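Working through the structure, step by step
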Amino acid sequence: MNGTEELLLVSSAMVRIEIDLNRLEEWTLDSLSVVENANCDALLLGGFSGSVIELFGKFLGIHSIDNYSACYGDFLEEYLPKYYKHKNILYGILRCEGAHAILAQSGVNLTCAENDKNSHLRGVFDVLGGNCRLVIYSPYFVKDLKNAVRKFFLDMQAKPELKKSCEEVFAKIYIKGQNIIEEEIKKGRLSISEIVKIERD
């Protein structure tokens, strides 16, 4: 094990999972940089940023991992407090609708236009559409989320209880995924013709 890498070892029954926190942080921040450069792509921004917020909210261990909206809100409350009052809009529209690529039909105005940056997190009335929208200036949102992710990983290093919660959540997610796979195999919808050893770098 590389001395600079920090691995969390998770054991639950016959499950052993290694979580490389450095790699997870690097992957998350690099992926957010891709989103940042995607010219306000609603699918990327809504889907990926929402997944990050929701997953890291699960790591906090405040709510069940199946309570998606609550976990999303937990991360906002702890790491992006100025967004928290808009949690229902952000989860219901940016996370859910953004992930399903119908953001343009909703009540969020996701923008990269320079003249909209002063309206970030403010409600505006769309005269042409005849509805109200929450303005999200994408460069600010992604920058704030990247800073929140960095703070989250600093907290992970400093707070043993957060590491422990992360371990437990990873184990639950892993086991849940394996249960789904096993059920699909039992029902004949997935066949395993041979066992392949996956080599990880």
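In the block above lies the structure referred to throughout.
Computed from a predicted structure; not experimentally measured.

Turning our eyes to something else, we now look at the nonpolar core. Counting residues in each nonpolar core, the largest one holds 39 residues, and the members touching the most others are F75 and F152. Those elements giving two or more residues to this core turn out to be α1 (21-36), α2 (42-59), α3 (68-79), α5 (87-99), β3 (108-111), β5 (131-137), α6 (138-158) and α7 (160-186). Residue contributions to this core peak at 8 residues, all from α6. Those residues in contact with F75, other than ones at most four positions away along the chain, are I53, F56, G57, L60, L80, L145, A148 and F152.

This structure, assessed with the given rule, holds 10 salt bridges. One salt bridge connects E36 with K146, and the closest N-O pair in it is separated by 3.0 Å. In this pair, E36 sits in helix α1 while K146 sits in helix α6, placing the two residues 110 residues apart along the sequence. Under the relative-accessibility criterion, E36 is labelled partly exposed at 34%.

Bringing the sheet that holds β5 into the picture now. Overall, mixed pairing links the 3 strands, which are arranged β3-β5-β4 in an open sheet. Each having just a single partner strand, β3 and β4 (123-126) make up the two edges of the open sheet. Strand-to-strand twist of the sheet, defined as the mean angle between neighbouring strand axes without regard to direction, takes the value 40 degrees. Examined bridge by bridge, β3 and β5 share 4 bridges and lie parallel to one another. Bridge pairing in β5 links N109 to V135. Sitting on the sheet, α6 is in contact with β3 and β5, with an inclination near 55 degrees to β5.

Another point: unusual backbone geometry. With a phi angle near 65 degrees, L121 is a residue other than glycine that sits in the positive phi range. Along the chain, the position of L121 falls in the loop between β3 and β4. Taking the relative accessible area as the measure of exposure, L121 reaches 14% and is therefore buried.

Tracing the backbone shows K117 in the loop between β3 and β4. A relative accessible area of 27% places K117 in the partly exposed class. With 19 residues separating them in the primary sequence, K117 and I136 have C-alpha atoms 8.1 Å apart. Excluding residues within four positions of it along the chain, K117 makes contact with Y137 and Y140. Looking at K117, its side chain comes within polar contact range of the side chain of E114, at 2.7 Å.

For the rest of this paragraph, the subject is the packing of aromatic side chains. Summed over the entire model, instances satisfying the criterion amount to 14 aromatic pairs. Aromatic pair W27 and F48: ring centres 5.5 Å apart, planes at 75 degrees, arrangement edge-to-face. Separated by 21 residues along the polypeptide, W27 in helix α1 and F48 in helix α2 bring together distant segments of the chain. The exposure class of F48 is buried, given its relative accessible area of 18%.

Scoring rules and cut-offs
Residues numbered from 1 in each chain as written. Predicted model: local features only at pLDDT ≥ 70, side-chain atom pairs only at ≥ 80, totals over all residues. Heavy atoms only, no water. Core = buried A, V, L, I, M, F, W, Y, C linked by side-chain atoms within 4.5 Å. Buried < 20%, exposed > 50% of the residue type's maximum accessible area, 1.4 Å probe, protein only. Helix = DSSP H or I, 4+ residues; strand = E, 2+ residues; numbered from the N terminus. Contact = heavy atoms within 4.5 Å. Salt bridge = Lys/Arg side-chain N within 4 Å of Asp/Glu carboxyl O. Pairing = 2+ DSSP bridges. Axes fitted to C-alpha atoms, helices over the stretch in contact; angles between N-to-C directions. Polar contact = N/O pair within 3.5 Å; in protein donor to acceptor, adjacent residues only side chain to side chain. Phe/Tyr/Trp six-rings, centres within 6.5 Å; stacked < 30°, edge-to-face > 60°.

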